[in-house]
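# Structure at a glance
One-letter residues, chain by chain:
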Amino acid sequence: MKQFSKIALYLSGLAVVLLGAGLFTSTDALWQPAAVALAVSLAIGIGAIPSLKGYQYTTWIIAAVVAGMIYPSAFTKWGDFDLRNKWLILVIIQTVMFGMGIHMSIRDFSGLATTGKGVIIGLLCHFSVMPLMGLLLTKIFDFEPEIAAGIILIGSCSSGLASNVMVYLAKANLVLSVIVTAMATLVAPFLTPLLMKLLAGTLIEVHFVDMMMEIIKIIIVPIGAALLHDYLKNATPAIWQKVWFIFGSCLLWLLTLPLGTWAFFKETITSTPLLQSLEILGFFAGAFVVGVLYHLLTLRFPKLDSLMPYFSMFGIIYFTTVTTAAGRENLMKVGFLLFICSVIHNAAGYFFGYWLSRLFGLDVNSSRTVAFEVGLQNGGMASGLAGSMGKLGTVGLPATVFSPWMNISGSILANYWRKRQKNDEHA
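A brief report on the enclosed structure follows. What you are looking at is a predicted structure, and each value in this text was computed from that prediction instead of being measured.

What the protein contains, in helices and strands, is 17 helices and two strands. What you see for the protein is a C-alpha radius of gyration of 22 Å, in line with the 22 Å of a compact globule of 427 residues. Judged by the C-alpha coordinates and their principal axes, the protein covers about 65 × 65 × 50 Å. For the protein, contacts bridging at least 24 residues in sequence account for 79% of all contacts bridging at least 6. Carbon and sulfur atoms provide 70% of the accessible area of the protein, an area that totals close to 20,300 Å².

Dropping the structure here:
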């Protein structure tokens, strides 16, 4: 694998030459494929450089942006099939969240009693600093309404597992980080639609209940399936008997839906909330079936858990490419300003997350943890919600710009704080 990375690194040198020649001669047929080849070869080749290996995922995101910008038509439709199809977006985002949820555990919630103060401060900072900062930035920068709403959306989402990785690298309070991420994920179905309704309701039409249901589908359902897999690792034979009963009931329910049950519900039930509740029930039934089947697969293929993060990464790269392609024209107009906006937004999260935590009495390590929890957002969730609205190329655009930058800035800050901690220990 390392040898393959080295070859890719050498190929990137050739791509640079071809890119230069194509730009110098204004030959689109030369510089465009060369630019994509350079981005992809660097994304692979950077794995051969130990000091830069941690940025490989970020370089893949950048490669996705380059491909989407240069060949937008190739990443919006394949023949008659729309790559922005709502159900395809939903399945991919659920796969992303399931892959992330695999690294969560029911035990993660066990430290809640001992980290209660830090969790409360972390959640308060997360769901106040970032949404309000997003609103402020929409007032400063003159973006069109849907892009402005996307900035508020990325600020109103829960923190992602990237924060846990950065906290681990920084050698900060990992237990606090995991619990804050888990709790932020659980309250997101209520708080994210509420914040969007309050802060972005004048920019786009926000349906509170609809958005809440979408977040449950996007976040809670796949993570619930992943936690079920974790629970089954230590299940007793008596528990497995109950699991098989529930599994059979869920499977039977799912099989009847396409055979006329769902059509009957839609025709006879006039209450929208009740119909939405039945739909969510179907998704949870699916989550239970998937959680059990996945657990059985891991018994046969023990390395499957370690492979799931790659599916998550692929899903995020897919979102980035498709969103970039769909919003290319908007990015050409406001891409630079959107990047500056993302940098400010992200930096404000780190700054206020850290100093507000210190003000409320948290220790340095816990304050650094909260800084990451506030500054790093769940870009996949934002993209998924934008996709469910059918506004991937506008509302989803800020998440596309924010995601790669937050990985870069988070890695830099984590390495800086880790070195600071080492210096403090040796002082």
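Applying the stated criterion across every chain, the model contains six salt bridges. Ionic pairing is found between Glu-146 and Lys-391, a salt bridge with its closest N-O pair at 2.9 Å. Of this pair, Glu-146 sits in helix α6 (residues 145-156) while Lys-391 sits in the loop between α16 (379-389) and α17 (397-426); the two residues are 245 residues apart in sequence, bridging distant segments of the chain. We classify Lys-391 as partly exposed; its relative accessible area is 26%. Here Glu-214 makes a salt bridge to Lys-217, at a shortest N to O gap of 3.4 Å. In this pair, Glu-214 and Lys-217 both sit in helix α9 (residues 208-232), three residues apart, roughly one turn of the helix. Accessibility assignment for this pair places Glu-214 and Lys-217 in one class, buried. Within the structure, one salt-bridge network assembled from shared partners comprises Glu-214, Lys-217 and Glu-279.

Looking now at the nonpolar core. Ranked by size, the top nonpolar core spans 87 residues in total, and within it Met-196, Ile-219, Phe-372 and Met-381 carry the most contacts. The element best represented in this core is α9, accounting for twelve residues. Core analysis: the next-biggest nonpolar cluster, separate from the first, contains 15 residues, Leu-137, Phe-141, Ile-151 and Val-401 among them.

About the cut-offs
Here the residue numbers are simple positions, counted from 1 along each chain's written sequence. At least 70 in pLDDT is required for a residue's local features to be given in this predicted model, at least 80 for side-chain atom pairs to be given and counted, and no such filter applies to totals for whole chains, interfaces and linings, which use all residues. Excluding hydrogens and water, the side-chain values take into account all heavy atoms of the structure. In DSSP terms, a helix is any run of H or I states spanning at least four residues, a strand is any run of E spanning at least two, and both are numbered starting from the N terminus. The globule rule used for comparison is 2.2 Å times the number of residues to the exponent 0.38, while the radius of gyration itself is calculated over C-alpha atoms. Any two residues having at least one pair of non-hydrogen atoms within 4.5 Å are treated as being in contact. Exposure was quantified through the Shrake-Rupley algorithm and a 1.4 Å probe, taking into account, for residues, occlusion by the shown protein chains and nothing else. By definition, a salt bridge exists where a carboxyl oxygen of Asp or Glu is found within 4 Å of a side-chain nitrogen of Lys or Arg. Only protein chains enter the calculation, and the probe is 1.4 Å; a residue is then buried if its accessible area is under 20% of its type maximum, exposed if over 50%, and partly exposed in between. Buried residues of nine kinds, namely Ala, Val, Leu, Ile, Met, Phe, Trp, Tyr and Cys, make up a nonpolar core once their side-chain atoms join them within 4.5 Å.

Function cannot be read off these values alone, since they describe shape.
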